[in-house]
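Coordinate analysis (summary)
What follows is the residue order along each chain.
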Amino acid sequence: MTMHHAGIELARDRLRKSAFNRSVINAEMFDPEAAMAAGFLDRVVSVEELQSTALAVAGQLKKINMNAHKKTKLKVRKALLDTLEAAIEQDRQHML
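Right, let's walk through the structure included here. (Residues numbered from 1 in each chain as written. Predicted model: local features only at pLDDT ≥ 70, side-chain atom pairs only at ≥ 80, totals over all residues. Heavy atoms only, no water.)

1. Quick notes on the overall build of the chain
From N to C terminus, the chain includes 6 helices and 0 strands. Ordering the α and β elements of the chain from the N terminus gives α-α-α-α-α-α. Referenced to the eigenvectors of the C-alpha coordinate spread, the extents of the chain come out at roughly 45 × 35 × 25 Å. Relative to its 96 residues, the chain shows a buried fraction of 20%. Pairs at least 24 apart in sequence give 43% of the contacts found in the chain among residues at least 6 apart. Just so you have it, the chain exposes about 7900 Å², and 59% of that area is on carbon and sulfur atoms. (Helix = DSSP H or I, 4+ residues; strand = E, 2+ residues; numbered from the N terminus. Buried < 20%, exposed > 50% of the residue type's maximum accessible area, 1.4 Å probe, protein only. Contact = heavy atoms within 4.5 Å. Areas by Shrake-Rupley, 256 points an atom, 1.4 Å probe, with all protein chains shown as cover.)

Printed below as a string of structure tokens:
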């Protein structure tokens, strides 16, 4: 199966270049530690740590100004969002 443009752009933005090629071009699967090193994941925790880690991260997010967070996130990701918009349109054209 050929990967769609939007998926390629999401992977290109998130993954290290070597992992991008291995994942997108070669369809390689990654174990959790390799997935974190590649850029698929931010953190890997054990099952026992999952709930406490999730609650700690949620607690950190509760402390920030969400309006400022949203605006900053949109600024930071503007180029990616523009690229994704174009990629989605390309994918639509290929579906016709």
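2. Some remarks on helix α1 (residues 5–14)
Burial in α1 covers these residues: A6, G7, I8, E9 and A11. Buried positions along α1 lie against α2 (17–25) and α6 (78–95).

3. Notes on the packing of aromatic side chains
The geometry of an aromatic ring pair is captured by two quantities: the separation of the ring centres and the angle between the planes. On inspection of all chains with the given rule, the structure shows 1 aromatic pair. On the basis of an interplanar angle of 50° and a centroid distance of 5.4 Å, the ring pair of F30 and F40 is categorised as tilted. You can see F30 sitting in the loop between α2 and α3 (32–38) and its partner F40 sitting in the loop between α3 and α4 (47–62), a full 10 residues away along the chain. Exposure remark for F30: the relative accessible area of 19% places this residue in the buried category. Residue F40 is classed as partly exposed on the basis of its relative accessible area of 37%. (Phe/Tyr/Trp six-rings, centres within 6.5 Å; stacked < 30°, edge-to-face > 60°.)

4. Concerning α6
In this model, α6 (18 residues) spans 26 Å end to end at C-alpha, consistent with the 26 Å of a helix rising 1.5 Å per residue. Residues of α6 that are buried sit in contact with α1. (Expected span 1.5 Å × (residues − 1).)

5. Quick word on a nonpolar patch on the surface
Together, V57, L61, I64 and M66 make up an exposed nonpolar region whose accessible area comes to about 310 Å². Residue placement: V57 occurs in helix α4. With relative accessibility at 30%, the residue V57 sits in the partly exposed group. (Patch = residues over 30% accessible without salt bridge, like charges linked within 9 Å, V, L, I, M, F, W, Y side chains within 5 Å. Salt bridge = Lys/Arg side-chain N within 4 Å of Asp/Glu carboxyl O.)

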